[in-house]
Amino acid sequence: MRKVIIFVSITLGLLTSCSKNDVLKPFSLDLNSETFYFVETSEENRGVSFANDLAVVPLESNDSSDSISAEAASIYRVEDGEVFFAKNVHERLYPASLTKVMTGLIALKYGNLEDVVTITEESLITEAGAKTCDFKVGDKLTLEELLNSTLVYSGNDAAMAIAIHIAGSEEDFAHMMNEEAKALGATNTNFVNPHGYHDENHY
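Counting starts from 1 at the beginning of each chain's written sequence and moves along it residue by residue. Reporting of local features is limited, given that this is a predicted model, to residues whose pLDDT is at least 70; pairs of side-chain atoms are given and counted only at 80 or more, and all residues count toward the totals for whole chains, interfaces and linings. Only hydrogens and water are removed before side-chain values are computed, so all heavy atoms of the structure are retained for them.

Some thoughts on the overall build of the chain
The number of helices and strands found in the chain is 5 helices and 6 strands. Listing the helices and strands of the chain from first to last along the sequence gives α-β-β-β-β-α-β-β-α-α-α. Throughout this description, buried means an accessible area under 20% of the type-specific maximum (1.4 Å probe, protein chains only), exposed means over 50%, and partly exposed covers the range between. Residue burial in the chain is summarised as follows: out of 203 residues, 25% are buried. Note on contacts: a residue pair is in contact if any heavy atoms of the two residues lie within 4.5 Å. Considering only residue pairs separated by 6 or more positions, the chain has 50% of its internal contacts joining residues 24 or more positions apart. With the model as given, the accessible surface of the chain reaches about 13900 Å², and the carbon-plus-sulfur share is 54%. Helix and strand labels come from DSSP, where a helix needs a run of H or I of at least four residues and a strand needs a run of E of at least two; each type is numbered from the N terminus. Surface accessibility follows the Shrake-Rupley procedure with a 1.4 Å probe radius. Residue values consider only the protein chains on display as shielding.

See below:
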């Protein structure tokens, strides 16, 4: 029994020991992209993030210039990530109908524009003040028509119909949106619906 314990201890030690030149297995959200790994530097081994080539604005950076009336804005160069202007970029803000950009992205990525979608009761929006296309239960539209109604007319019911068609429910579609946001590097983003109607957890 003692020999077995010693053998197991030595085996585990060999399997888990690390050296200065060890390389961490690549990691990414889709497990295909070799975007996270250890690189050797003069100081220490550092992890290279999937966002290492994105424009990153320091927390203390903020331009309060009155020339930009938007509540938040940024101007940066994609090629090298240089930030030229940043205003309230770290503030948690309500995205409103900008949400529909992500809904459109998911529709194009996972849907077929020729699909015929039947409007269901779950797709209808009844909240006061919400912009809708006034669809009725049983109406049939292609996914392309719903996409146009969402992105051009900003119809909340069109966005909801896309969500139900693609994921089966608003909740499951929001999960897809959040996974896509993480994959794109929008790690401070959270969606709870496909249209942007106000919710404190939607930012």
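A closer look at the packing of helix α4 (residues 156-167) against helix α5 (residues 170-184)
Here the axes come from fitting lines to C-alpha atoms, over the contacting stretch only for helices, and the angles between their N-to-C directions go from 0 to 180 degrees. The N-to-C vectors of α4 and α5 enclose an angle of 85°; their axes lie 8 Å apart at closest approach. On the basis of their axis angle, the class for α4 and α5 is roughly perpendicular. Contacts between α4 and α5 pair M160, I162, A163, I164, I166 and A167 from the former with E170, D172, F173 and M176 from the latter. Only Asp, Glu, Lys and Arg are considered charged in this grouping, and only Ala, Val, Leu, Ile, Met, Phe, Trp, Tyr, Cys and Pro are considered nonpolar; every other residue, Gly among them, is considered polar. Among the residues forming the contact of α4 with α5, the class breakdown is 8 nonpolar, no polar and 2 charged. Roughly parallel means an angle under 35 degrees; roughly antiparallel, over 145; roughly perpendicular, 65 to 115; everything else is oblique.

Brief notes about α5
A helix is expected to span 1.5 Å multiplied by its residue count minus one. Look at α5: 21 Å from first C-alpha to last across 15 residues, which is about the 21 Å you get at 1.5 Å a residue. Contact partners of the buried residues in α5: α2 (99-110) and α4. The first or second residue beyond α5 is G185, which carries a positive phi of 95°.

Looking at the pairing of strand β3 (residues 73-76)
Any two strands are treated as partners once DSSP identifies two or more bridges connecting them. Sheet topology places β3 next to strand β4 (residues 83-87); 4 bridges connect them, and they run antiparallel. Note that in β4 the partner of Y76 across the bridge is V83. Where β3 folds back on β4, the antiparallel hairpin that results is connected by 6 residues, among which G81 adopts a positive phi of roughly 75°.

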